[in-house]
Amino acid sequence: MTEKNGASGGADLPASIEAAWGLRDRPVKGPKPGLTLDRIVAAAVALAASEGLAAVSMGRVAKDLGASTMALYRYVSAKDELFLLMQEAVTGEPPPLPALEDGAGWREAISQWAAAQREMFHRNLWALRIPISGPPASPNSVAWWEQGLQALEDSGLSEGDKISVILLISGFVRNEALLMSDLAAAVEAKGILAQEVMARWERTVKRLVDPVRHPALTRLLDTDVMSQPDDVDYEFVFGLERLLDGTEALIRKGAES
């Protein structure tokens, strides 16, 4: 196997990872003139963006390209490999973090990292449906981890704690984007404004809860806080700040020990 991009192929590498790093030889000419791996991935991404990840299959992508399904298998060995290549394509390399360039502290740097990751997910919500099969190993996912670790470089955290913080924050970002995606889809399906959806929910729950069995929920509903419009970024900023508060507490605890 030819060495490329600072990595070398090997029998222990999954086919999808070899493909992502460009370590696998591809046909110079496919059965259909002009068919390339880039075209296949681009067609699959376009399909997922318009109809959702569930619509993506080797047969459907081949049909959209005007090629046979067997022609695609000369470039992509399985649908799971195609999913990884699609994710790699839309993830892209992380944008530069101004905080790192300006010498700001770790908290600002990791906040910018999390916000950039969230923006990437919101542009490609379908990618959140791709199952996570292990730690990052494709070029762009590794680049995002690298940048996250660099953001924590001056935090004083141990290498193990840095990874734990990266996992915690990236998990939060992913879950927040997925939750907002699901809520937006539900609102769209109902054909009414999000505020009206919440108002209907509040009216329904108020009729059902028992103040004796649900005293805390009753007090919450009495405040009407659930029906008040929030800034679209409020929950993200609130959650991220609380995670970073906890990280700061961990750093202080390590410094005192």
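Every value quoted in this text rests on a predicted model; they were computed, and no experiment measured them.

Procedures and definitions
Residues numbered from 1 in each chain as written. Predicted model: local features only at pLDDT ≥ 70, side-chain atom pairs only at ≥ 80, totals over all residues. Heavy atoms only, no water. Helix = DSSP H or I, 4+ residues; strand = E, 2+ residues; numbered from the N terminus. Rg over C-alpha atoms; globule rule 2.2 N^0.38 Å. Expected span 1.5 Å × (residues − 1). Buried < 20%, exposed > 50% of the residue type's maximum accessible area, 1.4 Å probe, protein only. Contact = heavy atoms within 4.5 Å. Salt bridge = Lys/Arg side-chain N within 4 Å of Asp/Glu carboxyl O.

### Points about the overall build of the chain
Point 1. In terms of regular secondary structure, the chain is built from 12 helices and 0 strands.
Point 2. In the chain, the succession of helices and strands from N to C terminus is α-α-α-α-α-α-α-α-α-α-α-α.
Point 3. What you see for the chain is a C-alpha radius of gyration of 23 Å, clearly larger than the 18 Å of a compact globule of 257 residues, by over 25%.
Point 4. Projected onto the principal axes, the alpha-carbon positions of the chain cover approximately 70 × 55 × 30 Å.

### Focus on helix α10 (residues 194-208)
Point 1. Here α10 spans 21 Å end to end across 15 residues, near enough to the 21 Å set by a 1.5 Å rise per residue.
Point 2. What α10 keeps buried is the set V197, A199, E202 and V205.
Point 3. Buried residues belonging to α10 abut α9 (159-190) and α11 (215-222).

### Looking at the pattern of salt bridges
Point 1. Counted under the stated rule, the structure contains 12 salt bridges.
Point 2. A salt bridge links R107 to E248, with the nearest nitrogen and oxygen atoms 3.3 Å apart. With R107 in helix α7 (residues 106-123) and E248 in helix α12 (residues 234-256), the pair connects residues that are 141 residues apart, well separated along the chain.
Point 3. With a relative accessible area of 17%, R107 lands in the buried category.
Point 4. A salt bridge links E202 to K206, with the nearest nitrogen and oxygen atoms 3.9 Å apart. Residue E202 and its partner K206 are both found in helix α10; the two are separated by 4 residues, about one turn of the helix.
Point 5. Residue class for E202 comes out buried when judged on its relative accessible area of 5%.
Point 6. Judged by relative accessible area, which is 40%, K206 ranks as partly exposed.
Point 7. Three or more residues joined by partner-sharing salt bridges are found here, namely R107, E241, R242, D245 and E248.

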